[in-house]
Amino acid sequence: MIIPRTIRRFQEKRAHRNGPWAELFEAYNGDEVVSLDCETTSLDVSEAEILSIGAVRIKGQKVKTSDRLDIRLKPPASLTGESIKIHKIRASDLSDGIELEEALEKLLAFIGNRPILGYYVNYDIRVVDKFLRPRYGFGLPNKAIELSHVYHDIIKWKHVGGDVDLRFDTIASSLDIPIIKRHTALGDAITVALMYVRLKHGQAPVSTH
């Protein structure tokens, strides 16, 4: 039986309310958002293994590029030629990668209970949850913000009628945002963050160092 996400989150919050990660389940009252991206071996969640994780914090109109997470994991056995064609990550590129356990702990500490932004963000969250839940007993409880939905709603509101092209490159081009190292976790996370700031504030995003 598949448990609805809202029920599962309630059950997990109750189970971990006195544990070391209790803060993750508290309502977020700040003004930051975390843009997250994972590079994986497959687009099928059931088969995907994480190769790298990139994340950057957004505060108001500022993308805090100095406040970021850039993690490479040890190469899994499932790293094949087909997946390498997409993300260009080879086993040799992950020779200094860290263990998954350490990567998940760094990710939780970086995100906290902030909302998570991404392009097809539910995929990234589901992949992380697949590895998080067996180890910690919970999945990411954070609010999720889908960039393509934000873009779609704004474009539809401004230009009634017609289909909206939701491809990553099209959104970036229409917002005049440079694509930073496409198909790298940190590059995609920063690009999505810049697009989000442009959409929310209607002016050139500010990138801080």
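Use the structure listed above.
About the thresholds
- Numbers given for residues are sequential positions, taken from 1 along each chain in its written order.
- Thresholds applied to this predicted model are a pLDDT of at least 70 for local features of residues and 80 or more for the giving and counting of side-chain atom pairs; totals over whole chains, interfaces and linings are not thresholded and use all residues.
- To obtain the side-chain values, all non-hydrogen atoms of the structure were used and water was disregarded.
- Centres within 6.5 Å are what make two rings of Phe, Tyr or Trp a pair, Trp counting through its six-membered ring; a difference in plane orientation under 30 degrees is then read as stacked, over 60 as edge-to-face, and the rest as tilted.
- Secondary structure counts use DSSP, requiring at least four H or I residues in a row for a helix and at least two E residues in a row for a strand, with both numbered from the N terminus.
- Exposure categories follow from relative accessible area, calculated using a 1.4 Å probe and restricted to protein chains: below 20% of the type maximum is buried, above 50% is exposed, and the middle band is partly exposed.
- For this analysis, a salt bridge means a side-chain nitrogen from Lys or Arg found within 4 Å of a carboxyl oxygen belonging to Asp or Glu.
- In this description, a nonpolar core means a group of buried Ala, Val, Leu, Ile, Met, Phe, Trp, Tyr and Cys residues linked to one another through side-chain atoms lying within 4.5 Å.
- Whether two residues touch is decided by their heavy atoms; if any such pair falls within 4.5 Å, the residues are in contact.
- When charges are counted, Lys and Arg contribute as positive and Asp and Glu as negative, whereas His and the chain ends are disregarded.

### A short note on the packing of aromatic side chains
So, point 1. The tally for this structure, following the rule as stated, stands at five aromatic pairs.
So, point 2. A centroid spacing of 5.9 Å and a plane angle of 80 degrees characterise the contact between Trp21 and Tyr136, whose relative ring orientation is edge-to-face. Within this pair, whereas Trp21 is found in the loop between helix 1 (5-16) and strand 1 (32-40), its partner Tyr136 is found in helix 4 (residues 121-136), the two being separated by 115 residues in sequence.
So, point 3. Between Tyr136 and Phe138 the ring centres are 5.9 Å apart and the planes differ by 55 degrees, which places this aromatic pair in the tilted class.
So, point 4. On the basis of relative accessibility, which here comes to 14%, the residue Tyr136 falls in the buried class.
So, point 5. For Phe138, a relative accessible area of 0% corresponds to the buried category.
So, point 6. A network of ring pairs unites the aromatic residues Trp21, Phe25, Tyr136 and Phe138 as a single cluster.

### A short note on the pattern of salt bridges
Any two side chains of opposite charge can pair, so long as their charged atoms come close to each other.
So, point 1. Going through the model one piece at a time under the given rule, you end up with ten salt bridges.
So, point 2. Lys64 is the partner of Asp67 in a salt bridge, and the nearest nitrogen-oxygen pair spans 3.8 Å.
So, point 3. Notably, a salt bridge pairs Arg135 with Glu101, separated by 3.3 Å at the nearest N-O pair. You can see Arg135 sitting in helix 4 and its partner Glu101 sitting in helix 3 (residues 100-111), a full 34 residues away along the chain.
So, point 4. Linked through salt bridges whose partners overlap, the residues forming this network are Glu32, Arg57, Lys64, Asp67 and Arg114.

### Section: the nonpolar core
So, point 1. Ranked by internal contacts, the top residues of the largest apolar core, which has 32 residues, are Ile50, Ile53, Val128 and Leu132.
So, point 2. It is helix 4 that provides the largest number of residues to this core, a total of eight residues.
So, point 3. When near neighbours in sequence (up to four residues on either side) are disregarded, Ile53 contacts Leu36, Asp37, Cys38, Leu69, Asp70, Ile71, Leu73, Ala103, Leu107 and Ala185.
So, point 4. Ranked by size, the runner-up nonpolar core spans 26 residues in total, among them Val33, Val63, Leu175 and Tyr196.

### So, the side chain of Asp37
So, point 1. Here Asp37 lies in strand 1.
So, point 2. Here Asp37 is buried and forms no salt bridge, its nearest opposite-charge partner Arg182 lying at an N-O distance of 6.0 Å.
So, point 3. Once residues within four sequence positions are removed from consideration, Asp37 is found in contact with Ser52, Ile53, Gly54, Asp124, Thr184, Ala185, Asp188 and Ala189.

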